[in-house]
Amino acid sequence: MEPEIITAGLDGSAEGLAAAHWAADEAHRRGAVLRLLHAWILLAAQAPDTAPERDQNIYARRVLQEATDAVRDRHPHLRIIEDLVGDEPEPALLRASAESRLLVLGSRALSAWESFVLGDVSLSVVARAAGPVVLVRAGGPGPRDGTRPPTQEPPDGPVEATGPRVVAGLGLGGPAEHLLAFAFDAAAGRGALLQVVHGHPLPVQVYTPWGVDPDAAGEVTAATERELDDVLRPWRVRFPGVPVQRTVLPDSPARAVVEAAPGAGLLVVGRRRHHRLPAPRIGAVAHAAIHHVVCPVAVVPHD
(Lines give C-alpha, C1' and ligand atoms only; values in the text may rest on other atoms or scores of the structure.)
Protein backbone atom coordinates (compact mmCIF):
# COMPACT_ATOMS: atom_id res chain seq x y z
CA MET A 1 0.00 0.00 0.00
CA GLU A 2 1.40 3.36 -1.06
CA PRO A 3 1.88 5.89 1.76
CA GLU A 4 -0.24 9.00 1.87
CA ILE A 5 1.13 12.24 0.45
CA ILE A 6 0.86 15.54 2.28
CA THR A 7 1.73 18.49 0.07
CA ALA A 8 2.99 21.88 1.23
CA GLY A 9 2.87 24.74 -1.26
CA LEU A 10 5.92 27.02 -1.15
CA ASP A 11 6.38 30.58 -2.39
CA GLY A 12 9.57 31.64 -0.64
CA SER A 13 7.71 33.47 2.14
CA ALA A 14 7.81 32.96 5.91
CA GLU A 15 4.21 31.74 5.66
CA GLY A 16 5.19 29.11 3.11
CA LEU A 17 7.98 27.88 5.37
CA ALA A 18 5.54 27.70 8.30
CA ALA A 19 3.27 25.59 6.10
CA ALA A 20 6.18 23.27 5.27
CA HIS A 21 6.95 22.74 8.97
CA TRP A 22 3.29 22.07 9.80
CA ALA A 23 2.98 19.64 6.88
CA ALA A 24 6.20 17.88 7.93
CA ASP A 25 4.92 17.38 11.49
CA GLU A 26 1.65 16.01 10.11
CA ALA A 27 3.46 13.69 7.68
CA HIS A 28 5.65 12.42 10.52
CA ARG A 29 2.55 11.81 12.67
CA ARG A 30 0.81 9.88 9.89
CA GLY A 31 3.81 8.06 8.46
CA ALA A 32 3.16 9.90 5.19
CA VAL A 33 5.39 11.31 2.46
CA LEU A 34 5.96 15.06 2.47
CA ARG A 35 5.80 16.73 -0.93
CA LEU A 36 7.27 20.23 -1.12
CA LEU A 37 5.86 21.96 -4.18
CA HIS A 38 6.93 25.25 -5.74
CA ALA A 39 5.24 26.50 -8.91
CA TRP A 40 7.55 28.61 -11.10
CA ILE A 41 5.91 29.70 -14.35
CA LEU A 42 9.31 30.76 -15.78
CA LEU A 43 10.83 27.30 -15.28
CA ALA A 44 13.37 26.78 -18.05
CA ALA A 45 15.00 23.61 -19.34
CA GLN A 46 18.57 23.42 -18.08
CA ALA A 47 21.44 21.07 -18.79
CA PRO A 48 22.46 18.99 -15.74
CA ASP A 49 25.91 20.61 -15.66
CA THR A 50 24.68 24.22 -15.89
CA ALA A 51 26.79 26.49 -13.70
CA PRO A 52 24.91 28.08 -10.78
CA GLU A 53 25.54 31.60 -12.07
CA ARG A 54 23.85 30.68 -15.37
CA ASP A 55 20.94 28.74 -13.87
CA GLN A 56 17.73 30.61 -14.71
CA ASN A 57 15.88 28.58 -12.10
CA ILE A 58 18.25 29.33 -9.23
CA TYR A 59 15.67 31.24 -7.16
CA ALA A 60 13.02 28.52 -7.55
CA ARG A 61 15.49 25.79 -6.62
CA ARG A 62 16.61 27.81 -3.60
CA VAL A 63 13.02 28.01 -2.32
CA LEU A 64 12.75 24.24 -2.36
CA GLN A 65 16.23 23.63 -0.98
CA GLU A 66 15.83 26.02 1.96
CA ALA A 67 12.50 24.47 2.92
CA THR A 68 13.91 20.96 2.64
CA ASP A 69 16.91 21.82 4.80
CA ALA A 70 14.70 23.42 7.45
CA VAL A 71 12.35 20.44 7.56
CA ARG A 72 15.21 17.93 7.74
CA ASP A 73 16.58 19.65 10.85
CA ARG A 74 13.39 18.62 12.66
CA HIS A 75 12.62 15.36 10.83
CA PRO A 76 15.86 13.84 9.51
CA HIS A 77 14.24 10.55 8.49
CA LEU A 78 11.11 11.92 6.82
CA ARG A 79 10.67 10.99 3.17
CA ILE A 80 10.54 14.24 1.17
CA ILE A 81 9.71 14.78 -2.49
CA GLU A 82 10.89 18.09 -3.98
CA ASP A 83 8.57 19.15 -6.80
CA LEU A 84 9.41 22.16 -8.97
CA VAL A 85 6.51 22.73 -11.38
CA GLY A 86 6.52 24.95 -14.46
CA ASP A 87 3.04 26.38 -14.02
CA GLU A 88 1.02 29.11 -12.33
CA PRO A 89 0.57 28.45 -8.59
CA GLU A 90 -3.21 28.03 -8.59
CA PRO A 91 -3.57 25.19 -11.14
CA ALA A 92 -0.47 23.48 -9.77
CA LEU A 93 -1.87 23.54 -6.22
CA LEU A 94 -5.31 22.38 -7.34
CA ARG A 95 -3.74 19.36 -9.04
CA ALA A 96 -1.72 18.69 -5.91
CA SER A 97 -4.87 18.77 -3.78
CA ALA A 98 -6.46 16.08 -5.95
CA GLU A 99 -3.35 13.91 -5.56
CA SER A 100 -2.77 14.42 -1.82
CA ARG A 101 -4.32 13.46 1.48
CA LEU A 102 -3.89 17.05 2.55
CA LEU A 103 -2.72 20.34 1.05
CA VAL A 104 -1.01 22.84 3.38
CA LEU A 105 -0.54 26.49 2.48
CA GLY A 106 0.75 29.63 4.13
CA SER A 107 -1.82 32.24 5.09
CA ARG A 108 -1.14 35.95 5.43
CA ALA A 109 -2.87 38.32 7.81
CA LEU A 110 -4.89 40.55 5.50
CA SER A 111 -6.05 44.12 5.81
CA ALA A 112 -9.68 44.95 6.48
CA TRP A 113 -10.30 45.61 2.77
CA GLU A 114 -8.46 42.51 1.55
CA SER A 115 -10.42 40.35 3.97
CA PHE A 116 -13.46 40.85 1.72
CA VAL A 117 -11.71 40.00 -1.52
CA LEU A 118 -10.65 36.52 -2.66
CA GLY A 119 -7.60 37.78 -4.49
CA ASP A 120 -5.02 35.72 -2.62
CA VAL A 121 -3.92 32.47 -4.28
CA SER A 122 -4.41 30.50 -1.07
CA LEU A 123 -8.04 31.59 -0.75
CA SER A 124 -8.77 30.83 -4.39
CA VAL A 125 -7.30 27.36 -3.98
CA VAL A 126 -9.31 26.75 -0.79
CA ALA A 127 -12.50 27.59 -2.68
CA ARG A 128 -11.78 25.04 -5.42
CA ALA A 129 -9.64 22.30 -3.88
CA ALA A 130 -10.78 18.71 -4.17
CA GLY A 131 -9.66 17.81 -0.64
CA PRO A 132 -8.93 19.40 2.73
CA VAL A 133 -6.66 22.45 2.81
CA VAL A 134 -4.86 23.65 5.94
CA LEU A 135 -3.84 27.31 6.15
CA VAL A 136 -0.93 28.15 8.46
CA ARG A 137 0.26 31.59 9.53
CA ALA A 138 3.88 32.42 10.22
CA GLY A 139 4.39 33.07 13.91
CA GLY A 140 1.12 31.38 14.88
CA PRO A 141 0.78 28.48 17.31
CA GLY A 142 3.12 25.61 16.57
CA PRO A 143 2.07 22.00 16.08
CA ARG A 144 2.28 21.27 19.80
CA ASP A 145 0.69 24.49 21.02
CA GLY A 146 -2.94 25.00 21.93
CA THR A 147 -3.48 23.65 25.41
CA ARG A 148 -6.91 22.84 26.69
CA PRO A 149 -8.67 25.84 28.27
CA PRO A 150 -11.17 25.76 31.13
CA THR A 151 -14.47 24.38 29.83
CA GLN A 152 -18.10 24.73 30.73
CA GLU A 153 -18.68 21.03 30.19
CA PRO A 154 -16.17 18.25 31.03
CA PRO A 155 -15.39 15.73 28.28
CA ASP A 156 -17.47 12.57 28.41
CA GLY A 157 -15.89 9.37 29.68
CA PRO A 158 -12.69 8.65 31.55
CA VAL A 159 -10.28 9.46 28.69
CA GLU A 160 -8.11 12.51 29.29
CA ALA A 161 -6.69 14.69 26.54
CA THR A 162 -2.91 15.02 26.55
CA GLY A 163 -2.34 17.05 23.38
CA PRO A 164 -3.53 20.37 21.98
CA ARG A 165 -7.24 21.04 21.64
CA VAL A 166 -8.87 20.59 18.22
CA VAL A 167 -11.94 22.74 17.56
CA ALA A 168 -14.53 21.85 14.90
CA GLY A 169 -17.31 24.17 13.80
CA LEU A 170 -20.41 22.06 13.14
CA GLY A 171 -23.71 23.04 11.58
CA LEU A 172 -26.84 20.95 11.85
CA GLY A 173 -28.41 21.82 8.52
CA GLY A 174 -26.39 19.65 6.16
CA PRO A 175 -23.96 16.73 5.77
CA ALA A 176 -21.13 16.62 8.27
CA GLU A 177 -19.44 13.26 7.63
CA HIS A 178 -16.29 14.61 5.96
CA LEU A 179 -15.79 17.35 8.54
CA LEU A 180 -16.30 15.07 11.54
CA ALA A 181 -14.11 12.33 10.05
CA PHE A 182 -11.29 14.84 9.62
CA ALA A 183 -11.78 16.42 13.07
CA PHE A 184 -11.97 13.14 15.01
CA ASP A 185 -8.98 11.74 13.12
CA ALA A 186 -6.98 14.91 13.85
CA ALA A 187 -7.85 14.79 17.55
CA ALA A 188 -7.07 11.07 17.78
CA GLY A 189 -3.67 11.53 16.12
CA ARG A 190 -2.78 14.28 18.58
CA GLY A 191 -4.19 12.71 21.75
CA ALA A 192 -6.32 15.84 21.93
CA LEU A 193 -9.67 17.00 23.18
CA LEU A 194 -12.13 17.63 20.36
CA GLN A 195 -14.34 20.64 21.04
CA VAL A 196 -17.36 20.66 18.72
CA VAL A 197 -18.78 24.17 18.45
CA HIS A 198 -22.23 25.08 17.17
CA GLY A 199 -23.39 28.67 16.75
CA HIS A 200 -27.14 29.11 17.08
CA PRO A 201 -28.63 32.63 17.38
CA LEU A 202 -31.53 32.67 19.81
CA PRO A 203 -34.94 32.83 18.12
CA VAL A 204 -37.10 35.90 18.55
CA GLN A 205 -39.52 33.95 20.76
CA VAL A 206 -37.09 33.96 23.69
CA TYR A 207 -36.96 37.76 23.84
CA THR A 208 -39.26 39.80 26.04
CA PRO A 209 -39.57 43.57 26.51
CA TRP A 210 -37.16 43.13 29.44
CA GLY A 211 -34.54 41.05 27.61
CA VAL A 212 -33.92 37.34 27.09
CA ASP A 213 -36.13 34.88 28.92
CA PRO A 214 -33.49 32.59 30.52
CA ASP A 215 -35.85 29.61 30.79
CA ALA A 216 -36.86 29.81 27.13
CA ALA A 217 -33.24 30.32 26.07
CA GLY A 218 -32.18 27.32 28.15
CA GLU A 219 -34.81 25.13 26.47
CA VAL A 220 -33.56 26.16 23.01
CA THR A 221 -29.94 25.44 23.97
CA ALA A 222 -30.86 22.07 25.52
CA ALA A 223 -32.72 21.04 22.36
CA THR A 224 -29.73 21.99 20.21
CA GLU A 225 -27.38 20.03 22.49
CA ARG A 226 -29.57 16.95 22.07
CA GLU A 227 -29.33 17.32 18.30
CA LEU A 228 -25.55 17.58 18.56
CA ASP A 229 -25.43 14.48 20.75
CA ASP A 230 -27.37 12.53 18.12
CA VAL A 231 -24.93 13.59 15.39
CA LEU A 232 -21.82 12.90 17.48
CA ARG A 233 -22.91 9.58 19.02
CA PRO A 234 -21.70 7.26 16.19
CA TRP A 235 -18.41 9.16 15.97
CA ARG A 236 -17.80 8.78 19.70
CA VAL A 237 -18.30 5.04 19.27
CA ARG A 238 -15.92 4.99 16.30
CA PHE A 239 -13.28 7.03 18.19
CA PRO A 240 -13.64 5.94 21.83
CA GLY A 241 -10.25 7.36 22.77
CA VAL A 242 -11.16 10.94 21.81
CA PRO A 243 -12.65 13.05 24.62
CA VAL A 244 -15.38 15.30 23.22
CA GLN A 245 -16.74 18.59 24.48
CA ARG A 246 -19.76 20.14 22.78
CA THR A 247 -20.26 23.88 22.97
CA VAL A 248 -23.44 25.68 21.89
CA LEU A 249 -23.08 29.45 21.64
CA PRO A 250 -26.01 31.87 21.14
CA ASP A 251 -24.34 33.56 18.21
CA SER A 252 -23.83 33.21 14.47
CA PRO A 253 -21.84 30.14 13.35
CA ALA A 254 -18.98 32.37 12.13
CA ARG A 255 -18.70 34.28 15.39
CA ALA A 256 -18.99 31.06 17.39
CA VAL A 257 -15.93 29.42 15.79
CA VAL A 258 -13.86 32.60 16.09
CA GLU A 259 -14.80 32.90 19.76
CA ALA A 260 -13.91 29.27 20.48
CA ALA A 261 -10.61 29.16 18.56
CA PRO A 262 -8.17 31.01 20.90
CA GLY A 263 -5.75 28.52 22.45
CA ALA A 264 -6.60 25.75 19.97
CA GLY A 265 -3.94 23.83 18.06
CA LEU A 266 -6.21 23.36 15.02
CA LEU A 267 -9.59 24.66 13.86
CA VAL A 268 -11.64 22.55 11.44
CA VAL A 269 -14.43 24.11 9.38
CA GLY A 270 -16.44 22.97 6.39
CA ARG A 271 -16.90 24.36 2.90
CA ARG A 272 -19.74 23.39 0.60
CA ARG A 273 -18.76 22.47 -2.94
CA HIS A 274 -20.53 24.78 -5.40
CA HIS A 275 -20.59 22.72 -8.57
CA ARG A 276 -22.67 25.17 -10.61
CA LEU A 277 -21.18 28.49 -9.58
CA PRO A 278 -18.60 30.08 -11.92
CA ALA A 279 -16.72 31.50 -8.92
CA PRO A 280 -16.84 29.10 -5.93
CA ARG A 281 -17.19 30.65 -2.49
CA ILE A 282 -15.68 29.48 0.77
CA GLY A 283 -18.68 30.38 2.93
CA ALA A 284 -19.09 32.75 5.87
CA VAL A 285 -17.71 30.41 8.54
CA ALA A 286 -14.55 29.46 6.64
CA HIS A 287 -14.08 33.09 5.61
CA ALA A 288 -14.26 34.29 9.22
CA ALA A 289 -11.93 31.52 10.40
CA ILE A 290 -9.28 32.20 7.78
CA HIS A 291 -9.18 35.93 8.44
CA HIS A 292 -9.65 36.12 12.20
CA VAL A 293 -8.17 32.94 13.71
CA VAL A 294 -4.45 32.66 14.49
CA CYS A 295 -4.10 28.86 14.76
CA PRO A 296 -3.93 26.60 11.67
CA VAL A 297 -7.32 26.31 9.95
CA ALA A 298 -8.39 23.17 8.08
CA VAL A 299 -11.11 23.74 5.47
CA VAL A 300 -12.85 20.49 4.55
CA PRO A 301 -15.05 20.41 1.42
CA HIS A 302 -18.37 18.55 1.39
CA ASP A 303 -21.34 18.22 -0.97
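Numbering of residues begins from 1 in every chain and follows the order in which that chain's sequence is written. Reporting of local features is limited, given that this is a predicted model, to residues whose pLDDT is at least 70; pairs of side-chain atoms are given and counted only at 80 or more, and all residues count toward the totals for whole chains, interfaces and linings. As a rule here, side-chain values come from all non-hydrogen atoms in the structure, and water together with hydrogens is ignored.

Caption draft 1: Molecular detail of the overall build of the protein. For the protein, the count of helices and strands is eight helices and twelve strands. A simple rule labels every residue: compare its accessible area, found with a 1.4 Å probe on the protein chains alone, to the largest value its type can have, and call it buried under 20%, exposed over 50%, or partly exposed in between. Each of the 303 residues in the protein was classed as buried or not, and the buried ones make up 47%. Sequence separation of at least 24 residues holds for 78% of the intrachain contacts in the protein that already meet a minimum separation of 6. The protein chains shown are the only cover counted for residues, whose accessible areas, like all others here, come from Shrake-Rupley with a 1.4 Å probe. Accessible surface, the protein: about 15,100 Å² in total, of which carbon and sulfur atoms supply 55%. Comment: elements are numbered from the N terminus, with helices defined as DSSP H or I runs of at least four residues and strands as E runs of at least two. Contacts are assigned to residue pairs that have any heavy atoms within 4.5 Å of one another.

Caption draft 2: Broad picture of the nonpolar core. Among buried residues, those of type Ala, Val, Leu, Ile, Met, Phe, Trp, Tyr and Cys that are joined through side-chain atoms within 4.5 Å constitute a nonpolar core. Formed by 48 residues in total, the largest nonpolar core has its most connected members in Leu34, Leu36, Val104, Phe184, Leu194 and Val268. Beyond its immediate sequence surroundings of up to four residues, Val104 is in contact with Ile6, Thr7, Ala8, Gly9, Ala19, Trp22, Ala23, Val134 and Val136. Membership of the second largest hydrophobic core comes to 33 residues, among which are Leu103, Ala289, Ile290 and Val299.

Caption draft 3: Here's a closer look at the confidence of the model for the protein. Note on scores: pLDDT gives the predictor's confidence for each residue, bounded by 0 and 100. In the predicted model, the protein carries a mean pLDDT of 83, and 81% of its residues have values of at least 70. Here residues 111-119 is a poorly scored stretch, pLDDT under 50, and it has nine contacts once near neighbours within four places are set aside; other chains count. Within the model, pLDDT remains below 50 along residues 143-159, and this stretch shows 31 contacts once partners closer than five positions in the same chain are excluded.

Caption draft 4: Seen up close, the environment of Pro201. Within the fold, Pro201 resides in the loop between strand S7 (194-199) and strand S8 (207-208). In this structure Pro201 comes out as partly exposed when scored by relative accessible area, which is 46%. Expressed as a C-alpha distance, the spacing of Pro201 and Ala256, which sit 55 residues apart in the sequence, is 9.8 Å.

Caption draft 5: Just the side chain of Ser13, in detail. Position of Ser13 relative to the elements: it lies in the loop between strand S1 (5-10) and helix H1 (14-30). Only 2.5 Å separates the side chain of Ser13 from the side chain of Asp11, close enough to count as a polar contact. What qualifies as a polar contact is a pair of N or O atoms within 3.5 Å, subject to a donor-acceptor requirement within protein and to the restriction that residues adjacent in sequence count only when both atoms come from side chains.

Caption draft 6: Highlighting the sheet that holds strand S6 (residues 166-169). The strand order across the open sheet formed by ten strands is S3-S2-S1-S4-S5-S12-S11-S6-S7-S10, and the pairing between neighbours is mixed. What marks the edges here is a single partner per strand, and that holds for strand S3 (80-85) and strand S10 (244-249). For this sheet, the mean angle separating the axes of adjacent strands, direction not counted, is 25 degrees. Geometry is summarised by axes, namely lines fitted to C-alpha atoms with helices restricted to the contacting stretch, and by angles between N-to-C directions that run from 0 to 180 degrees. Contacts between helix H2 (residues 58-74) and the sheet are confined to S1, strand S2 (33-39) and S3, with S3 contributing the most and set at about 165 degrees to the helix. Against the sheet, helix H6 (residues 214-238) makes contact with S7 and S10, and its axis sits at roughly 150 degrees relative to S10, the strand it touches most. Think of it this way: DSSP has to see at least two bridges between two strands before they count as a pair.

Caption draft 7: Looking closely at the packing of helix H7 (residues 253-260) against helix H8 (residues 284-292). Packing of H7 against H8 brings their axes to within 8 Å, and their N-to-C directions diverge by 30 degrees. Classified by the angle their axes make, H7 and H8 are roughly parallel. At the point where H7 passes H8, the crossing takes the right-handed sense. Contact with H7, carried on its side by Pro253, Ala254, Val257 and Val258, involves Ala284, Val285, Ala288 and His292 of H8 and no other residues of that element. Taken together, the residues of the contact of H7 with H8 sort by class into seven nonpolar, one polar and no charged. Note that the term roughly parallel is reserved for angles under 35 degrees, roughly antiparallel for angles over 145, roughly perpendicular for angles of 65 to 115, and oblique for everything else. The handedness criterion is simple: a crossing whose near helix is rotated anticlockwise from the far helix by less than a right angle is left-handed, and one whose near helix is rotated clockwise is right-handed. Note that Gly is not counted as nonpolar here; it falls among the polar residues with everything else outside the nonpolar set of Ala, Val, Leu, Ile, Met, Phe, Trp, Tyr, Cys and Pro and the charged set of Asp, Glu, Lys and Arg.

Caption draft 8: Summary view of the pairing of S10. In terms of residue burial, S10 counts as a mostly covered element, since six of its six residues are buried. Residue alternation in S10 divides its side chains into two sets, Val244, Arg246 and Val248 and Gln245, Thr247 and Leu249, and both sets are buried.

Caption draft 9: Just the packing of aromatic side chains, in detail. Pairing of aromatic rings covers Phe, Tyr and Trp, the last through its six-membered ring, and needs centres within 6.5 Å; plane angles under 30 degrees mean stacked, over 60 mean edge-to-face, and all others mean tilted. Tallied over the full model, the rule gives three aromatic pairs. Here the aromatic rings of Trp40 and Tyr59 are separated by 5.8 Å at their centres, their planes lie at 50 degrees, and the arrangement is tilted. Here Tyr59 lies in helix H2 and Trp40 lies in the loop between S2 and H2, a separation of 19 residues in the sequence. By relative accessible area, which is 38% here, Tyr59 ends up partly exposed. Among the aromatic side chains, those forming a connected cluster through ring pairs are Phe184, Trp235 and Phe239.

Caption draft 10: The environment of Asp83, seen in detail. Examined against the element boundaries, Asp83 turns out to sit in strand S3. The spatial distance from the C-alpha of Asp83 to the C-alpha of Thr7 is 9.7 Å, given a sequence separation of 76 residues. Contacts of Asp83, omitting those with residues within four sequence positions, involve Arg35, Leu36, Leu37, His38 and Leu64. A distance of 2.6 Å separates polar atoms of two side chains, one belonging to Asp83 and the other to Arg35.

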